[in-house]
Structure formats: structure tokens, C-alpha cells
Amino acid sequence: MLRDQVGTIMLGTVFLFVGLVASGLSAIRGPRKDRILIWFGLLNVMWGARILAYAPAVFSVLPPFFRASRIDVIAILSYLTVIPGLLFFLEMSRGALRRLLQFLLIAELPVCTAGVWAVLFTESPYRFIHFSNALVILFVLLVVLVVSIPAVAKKFGIPRHRISTLGFLVVGVTALYANLRGFFGLPENRVLEPLAFAVLICSLGYVVAEGIFSDGRRLMAIENELAIAREIQTSILPDGIPEIESLRISAAYLPMTAVAGDFYEFIPVDQHRVGFLVADVSGHGVGAALIAAMIKVAMQSLVHCAHQPREVLRGLNRILSGQLRAELISAAYLWLDMEKGSALYSAAGHPPLLCWRQGRLDRIESNGLLIGVLPDSDYPVCEIPLRLGDRFLLYTDGVVEPQNAAGRQFGDYELENIVRRNQSRSPSELSDNLLTAVRRWQPGSATQQDDITLIVIDITKPPWNANPEIVETSQVSFLR
């Protein structure tokens, strides 16, 4: 008995295994993400179970109760298997085809219900099978018609491939034969239907495998392009920290993705004067990174006015306003002149410059409009007298905006606490500890929420030509 049924058992086991794997993948991915995988898995499970039920050897190893119900199991599965098939194609279709499939599904549900009732409570389990067969014939004819005509398949959203089309046609013809057999008294062939379904499964597997390999090649190409973009972006950032007398400088740059919209630049003029630019392009990814590269190019033409923060930002705004689309740029520029003992600062819609001085953290704001809003925007400048021990922090909003599990931002309060606790540490140590605190602030499973750029500058020696009394008593003044 087993020798005659081994082929049927093997086919049924394969379909059952494929269905269980698809159902497991659907459970892992979540049913809302890929419902078509649910129906595909359920269709395979039911079809595999039905084929196995045709093999008495399978039921011979079960308890007597199940052995006696083999015919009933075949009848119930004959009624129900069409449901996941309809739902599978319903997920792939659209327009008029989708409405027709919905009509067939609505018509099939009471037939299936009546069929299951007949199996469980009457002596005629196949009393309603002709109604189900008629609906299956309409369903199969509809599917065969759609997949056979490329224009129709494209119109109704059915993905078409020559291999999968062949599989659908084989199953369609076989299903038509199986369902017409009851109407015209055609001979039964229980091997033909499983083999046809196996052809369909293999054809779909081929198409899926081809798609996976194709997606893999595209993904590798994208990753290679992103690697090149990352190298280009790295090349536009400063190679190192400028060595300026009386200053100790640290810079940290952490992109959220492979490429970022943050940008920073040092403009050292000589051993006593240097400019610091920090910019943040709205958005993320490749588009923002391209605009960051444009800032680098634009800045090269503004080196001659590096000692004038207003002109630097006006120049960037003038050059970039016509090049930006929906993006805007926030920027901050700090100019330090150690011979004069003063700093000039101006910003364009950027977070404030932080100045740590004698145990107090001052927020210095001197903002104009974001770059790209108006081509002729002006930017106010404030002058800051320098003193020994001053510490300046330039940063983008990626430092203060990360949220914890409760939805609370890292914010200025936490930032000030970190600065206060690290007041005796070097700029690089402060940068490391601050970035560590930001990472710990976010939930463990959360990814970085924005690009982060941070520059810390310490005044380590008194300005050369500064009057000590002025250095100790002067305040920030704004230049109009």
C-alpha cells in the first residue's frame, strides 16, 4: 500500500512544509505587513493536507477515530481550499478584477459553510460540491484569462513573469479538468492535480528566487554608491584640527545614516585667528549630503571675508538660495581673534552658541533667517570679549533633540549638566562624554535620531593684546 502512495505522500509533505514555512514567515513579519504570504501559506497547508488525506497509508498510523474520518477530511478541504486561493489573488489584484474576486469570495463563503454542514451532519458530504466547482471554474477561467494577456495583467496589477504564467496556466487547465469532471463524468486522475500544483509552486519559487537575486544585486550597487558618497563626504570635512596658539579644539561628527546633512569647517587664517562654521541641512540622506557638499564649495569663495561672520552667512545665503529646492540650512559661524582678544559670532536659525565661563553656561543667540528663505537676508553679529578658561560649544540640534523612552528630549538642561560635570576635562573628553550621555538617553533599541556635529573650543592662554581688567569685566555686545 505504501509503495503505491509514496509519490502522493511526498508531494503532500512538500506542500505542507512550504505552507508551514510561509505561515511562519508571515507570523515573524507580522500579518499586517504581508497578508499575501498568509494566504499563500494557508493554501499550501490545505492543499498538502488534502493530498495526504488521499493516501490511506497516512491515516493508517492515526488513531481509529481519525482513520474513520478520512473521507470527511477530504470533503471539508475540497470545500475550503478555494477560500485562501481567492484571498491570495485578491491581494494581488486591483480595479474590476478585485471586485469580481470579491464577488466570487462572497458567493463561495455560504457554499463552503453549507458543504461543511453537509459533511458533519448528513450522509451526503458532497451535496454542495457542484456549486463550489462552478465557482472554482469561474475563478480559474478568470485567472487564466488575466495572466495569459500581458495588457490585462498589467491593468489589474497581477505581477507577470513567463515562468509563473506557465505555472498558472498548467494549474488552471488541471483545475478546470478536476472541477468539470463531476459535471461530465470524466475519469479521475489524482496524480495530475498535485503535479500541476507542484509546477506552480516551482514556478513561483523560481520567480521569487530571481527577484531575491535581482534585489541583492541592486542592493549591492546601492551600497557601493553609498560607500563612494561616504568617501566623498568624508573628503569635504576637515582632515584634522587646526593648531592655533592659545586654543584647544575638539570636533565630533556622527551621521545618522551613511551620509549626512551636517557639515563643519575650520578656516584658519594664521596662528592667532580662525573661523568655525557649523551647518545643518534640513532632511537626511543623500540629498542633504549633496547640499552639504555645496556648502563646502560655497565656503571656498568666502575665505577672503572669514573675519566677518555677517558677510560669511550672507555670502552662503546668496550663493545657495538659488540652488536649494525644499531644503533649508541652519548655520553658525564663530570667528576668534586671539591678538585682539575677542570673538565675533553670527547664526542663521541655528541653536545658540554656548559659552562656559566661571561656572556659568551662557546661551549666545544672534540669529537671522535660515539660509534659503530669502536671498537678501541679513545676519546680526555679536562681539564676545575673551578671557582665560572660556569654553565654547558649537553644535547641531542632533545633540539636544534625542528623546528618551518617555518622549522627553535630552535638551539644554541635560547638556548643561554634562558640561558642568566635565568642566575640568579636555574638549575631546567632554565631546566623548556628551555623546555617550546622548546615546544612553535614547532607548536601547532606538537608532540615532539625527545627525550630530559638535565642536568644543577652549581658551588656554590669555589673549596676547587683551587688557586683563577688560577681559575680566567685559560683557557680550551686539554689533548692528
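Rules and cut-offs
Residues numbered from 1 in each chain as written. Predicted model: local features only at pLDDT ≥ 70, side-chain atom pairs only at ≥ 80, totals over all residues. Heavy atoms only, no water. Helix = DSSP H or I, 4+ residues; strand = E, 2+ residues; numbered from the N terminus. Buried < 20%, exposed > 50% of the residue type's maximum accessible area, 1.4 Å probe, protein only. Contact = heavy atoms within 4.5 Å. Areas by Shrake-Rupley, 256 points an atom, 1.4 Å probe, with all protein chains shown as cover. Phe/Tyr/Trp six-rings, centres within 6.5 Å; stacked < 30°, edge-to-face > 60°. Core = buried A, V, L, I, M, F, W, Y, C linked by side-chain atoms within 4.5 Å. pLDDT = per-residue confidence, 0-100. Axes fitted to C-alpha atoms, helices over the stretch in contact; angles between N-to-C directions. Left-handed = near helix turned anticlockwise from the far one by under 90°. Nonpolar A, V, L, I, M, F, W, Y, C, P; charged D, E, K, R; others polar. Salt bridge = Lys/Arg side-chain N within 4 Å of Asp/Glu carboxyl O. Arc of directions from axis to C-beta. Expected span 1.5 Å × (residues − 1). Lys, Arg positive; Asp, Glu negative; His and termini not counted.

Novice: Help me understand the overall build of the protein in this model?
Specialist: Within the protein one finds 16 helices and 12 strands. Among the 480 residues that make up the protein, the fraction classed as buried is 47%. Within the protein, contacts between residues separated by at least 24 positions form 71% of all contacts whose residues are at least 6 apart in sequence. Just so you have it, the protein exposes about 24,600 Å², and 61% of that area is on carbon and sulfur atoms.

Novice: Is there a simple way to explain the environment of Gly 368 in this structure?
Specialist: Take Gly 368: it is sitting in strand β8 (residues 367–368). Placed 11 residues apart in sequence, Gly 368 and Tyr 379 show a C-alpha to C-alpha distance of 4.7 Å. Not counting residues up to four positions away in its chain, the partners in contact with Gly 368 are Ala 347, Ala 348, Gly 349, Asp 378, Tyr 379 and Pro 380.

Novice: It is not clear to me how the packing of aromatic side chains should be interpreted in this structure. Could you clarify?
Specialist: Counting across every chain of the model gives 8 aromatic pairs. Summarising the aromatic geometry, the rings of Phe 88 and Phe 89 are spaced 5.4 Å apart at their centres and angled 85° between planes, so their arrangement reads as edge-to-face. In terms of burial, Phe 88 and Phe 89 fall into one category: buried. Between Tyr 264 and Phe 266, the ring centres sit 5.6 Å apart and the planes meet at 70°, which makes this aromatic pair edge-to-face. We note that Tyr 264, like Phe 266, is buried.

Novice: Whenever I open this one, the nonpolar core confuses me. Can you help?
Specialist: Nonpolar side chains in soluble globular proteins tend to be buried together. Ranked by size, the top nonpolar core spans 58 residues in total, and within it Phe 276, Leu 316, Leu 334 and Tyr 345 carry the most contacts. Beyond its immediate stretch of four places on either side in the chain, Phe 276 contacts Ile 249, Glu 265, Phe 266, Ala 332, Tyr 333, Leu 334, Leu 336, Leu 394, Ile 455 and Ile 457. Within the second largest apolar cluster, 47 residues are counted, among which are Leu 97, Leu 135, Val 143 and Leu 176.

Novice: Would you take a moment to explain the confidence of the model for the protein for this structure?
Specialist: Atom-level detail of predicted coordinates should not be read off regions where pLDDT is low. For the protein, per-residue confidence averages 82 on the pLDDT scale, and residues scoring 70 or more make up 88% of the total. Every residue in residues 466–474 is under pLDDT 50, and counting partners more than four places away or in other chains gives 11 contacts.

Novice: Explanation requested: the packing of helix α14 (residues 411–421) against helix α15 (residues 427–441) in the structure shown.
Specialist: Helix packing for two helices is described by the angle between their axes and how far apart those axes are. Interaxial distance between α14 and α15 falls to 10 Å at its minimum, and their mutual angle equals 145°. Handedness of the α14/α15 crossing: right-handed. Contact with α14, carried on its side by Glu 414, Leu 415, Ile 418 and Val 419, involves Leu 430, Asn 433, Leu 434, Ala 437 and Trp 441 of α15 and no other residues of that element. Tallied by class, residues from the contact of α14 with α15 come to 7 nonpolar, 1 polar and 1 charged.

Novice: In this structure, what is going on with the pattern of salt bridges? I would like to understand it.
Specialist: When the charged atoms of two side chains with opposite charge come close together, those side chains can pair. Enumeration according to the criterion identifies 10 salt bridges in this entry. Residues Asp 378 and Arg 310 are paired through a salt bridge, measuring 3.3 Å at the closest nitrogen-oxygen approach. Of the two residues, Asp 378 sits in the loop between β8 and β9 (381–385) while Arg 310 sits in helix α13 (residues 309–320), which places them 68 residues apart along the sequence. For Arg 314, the salt bridge is made with Glu 311, and the minimal N-O distance between the two is 3.6 Å. Linking Arg 314 with Glu 311, this pair stays in helix α13, spanning 3 residues, or about one helical turn.

Novice: For this particular structure, what's the right way to read α14?
Specialist: Each full turn of the α-helix corresponds to 3.6 residues, which orients residues three or four apart in the same direction. Along α14, the residues that are buried comprise Gly 411, Glu 414, Leu 415, Ile 418 and Val 419. With its buried residues spanning 140° around the axis, α14 presents them on a single face. Exposed residues pointing more than 90 degrees away from the buried face of α14 are listed as Tyr 413 and Arg 421. Turning to α14, the residues buried within the fold contact β6 (353–357), β7 (360–364), β10 (391–395) and α15.

Novice: What should I look at first to understand α13 in this one?
Specialist: With 12 residues, α13 extends 17 Å from end C-alpha to end C-alpha; this agrees with the ideal 16 Å at 1.5 Å per step. Those residues of α13 that are buried are in contact with β3 (273–281), α12 (285–300), β4 (329–337), β5 (342–348) and β9.

Novice: Would you mind going over the side chain of Glu 414 with me for this structure?
Specialist: Mapped onto the elements of the fold, Glu 414 is located in helix α14. Lacking a salt bridge, the buried Glu 414 has Arg 408 as its closest oppositely charged neighbour, with an N-O distance of 4.0 Å. Beyond its immediate chain neighbours, meaning those up to four positions away, Glu 414 contacts Arg 408 and Trp 441.

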